[in-house]
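In case you want the letters, here they are:
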Amino acid sequence: MNFYKHKKPFVLIIFGASGDLAQLKLFPALYSLAEQGRFPKNFYIVGFARSKMTHQQFRNHLKKSIKNSSPKIINNLANHLYYFQGQYNKLEDFQNLRTYIKKLTKSSQTTKLAYFSVPPVVFKDIIENLGESKNAESEDLRLIIEKPFGEDTETARELFHFTARYFHEDCVFLLDHYLGKSAVQSILSIRHSNRLLNLMMKGPEIANIQISAFEKIGVSERAGYFDKVGTIKDMVQSHLLQILALITMSIPISEKHESLQREKNNILSALKFIESKQNIVLGQYDSYKQEKDIPQRTSTETFVATRLFIDRESWYRTPIYIRTGKKLHEKHTYIVVELKKFAFQPKDEEPNRLVFELFPNEKINIRLVNKHRSNDEDQSLSTSNSLACFGDDCLTEHALLILDVLRKRRINFLSFQEIIATWQITDSITNFVKRKKVKIESYKDGTYGPKSQEKLTQMDGFKWFDLH
């Protein structure tokens, strides 16, 4: 089979190895990599956390998190797991960890990946102690830091400068798991390889762009974290703005990650939120305050719909609508690129659309209109192509991104410049909401969300395109 298999020994250190992220995302990702034979003969997974745990207990922790596993594969993977108890703010524990890894691998030159599966509040402690305890600048130590990166523009910049004290940017992999989804990655490859399609996806040809991300579940076990940040910071600032950039950016000629990140940053830094209550709708599902650990006086939004623009001549007056929320009618993520109509076309005639479905279906659909003048009926002509991966080469997003770090392939990771740009537009929205006391509307669980979201598109003469 023609897929990448890593051949050199490595150590993966999981900080926060006893937490939910490791159990829900990382362990299944490691299992899928082992299942496909992607690992070398010699590799070591070292869990680091404050909890007291033996190697065997840690291995059992892995086994419990994998459903329908092969006994042979899971047992073999578990044999590569080790546990080290320590405090994130103690340099001595990191020095002891280094000694332990050297003894375990019988080498000081093995590539080390440090995965931050921890709350952001301890990011700095880990970064500082990893930096202070490393032996030399030439040591191959790669940091994998998962969002959130800061909580606003100021803290994101502060984290960037703090990290730069200890590590070169080439050693830091900033992970947004949406960029590990095969369907999201297909957006760039399809645009890059299909000239006709890409010609349609230019600002002068587009009437509007809609990005919808619906969640059927509520906040569940993330209640404590979610109530502090809300949907705007949790979903829009990271995942959905990245999708927006991939759809609207100029295609980089070079395949180097610097070129892609530069083009995305050009879009993200040009995003504009016009300060008006007409340009944003906030909602909260009815049962939110009954969720465990949610305060009764909370004013956190669980739904947001907003209207943005790109401050570039080629995108002049082209609205971009983003909506996302929890406890809605379905789990569905899709992008609709609505093309402009000829001036002579009737207003009620359906426009041409490009629809990128990311979940649950992974496909691109081109919708054309075939109007028969004889009977005055509209018929839709459409063609679909799958964006999904097939066969043994499929991996979960975390598995694919871990493999990318081992390959030092950075194209599916973020730059700090992108993150700061997304925080700037997010801050402009959240500061306006706070300053103008934008009302949060209640909506029933299992519905489409607040009804006033329809006004957002109607002001431009458009309507939300709902996939059923």
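Residues numbered from 1 in each chain as written. Predicted model: local features only at pLDDT ≥ 70, side-chain atom pairs only at ≥ 80, totals over all residues. Heavy atoms only, no water.

Details of the sheet that holds strand β1 (residues 10-15)
At step 1: Read across the open sheet, the six strands follow the order β3-β2-β1-β4-β5-β6; overall the sheet is parallel. What marks the edges here is a single partner per strand, and that holds for β3 (81-85) and β6 (172-175). Within this sheet the neighbouring strands show an average axis-to-axis angle of 20 degrees, counted without direction.
At step 2: Note that strand β2 (residues 43-49) and β3 share five bridges and pair parallel. In the sheet register, Gly47 faces β3, and the bridge partner there is Tyr83.
At step 3: Of the strands in this sheet, β1, β2, β3 and β4 (111-116) touch helix α4 (residues 91-105), which is tilted by about 160 degrees from β2.
At step 4: Against the sheet, helix α5 (residues 123-133) contacts β1, β4 and β5 (141-146), and its axis sits at roughly 175 degrees relative to β5. (Pairing = 2+ DSSP bridges. Helix = DSSP H or I, 4+ residues; strand = E, 2+ residues; numbered from the N terminus. Axes fitted to C-alpha atoms, helices over the stretch in contact; angles between N-to-C directions. Contact = heavy atoms within 4.5 Å.)

Focus on the environment of Leu130
At step 1: Structurally, Leu130 can be placed in helix α5.
At step 2: Among the residues examined, Leu130 registers a relative accessible area of 6% and is labelled buried.
At step 3: Sequence separation between Leu130 and Trp423 is 293 residues, and the spatial gap between their C-alpha atoms is 27 Å. (Buried < 20%, exposed > 50% of the residue type's maximum accessible area, 1.4 Å probe, protein only.)

So, the packing of helix α1 (residues 20-35) against helix α11 (residues 397-407)
At step 1: Relative to each other, α1 and α11 sit at 65 degrees, their axes nearing to 8 Å. The angle between the axes of α1 and α11 places the two elements in the roughly perpendicular class. The chirality of how α1 crosses α11 is right-handed. In this structure, α1 contributes Leu21, Lys25, Leu26, Ala29, Leu30, Ser32 and Leu33 to the contact, and α11 contributes His398, Ala399, Ile402 and Leu403.
At step 2: Looking at the contact of α1 with α11 residue by residue, the classes come out as eight nonpolar, two polar and one charged. (Parallel < 35°, antiparallel > 145°, perpendicular 65-115°, else oblique. Left-handed = near helix turned anticlockwise from the far one by under 90°. Nonpolar A, V, L, I, M, F, W, Y, C, P; charged D, E, K, R; others polar.)

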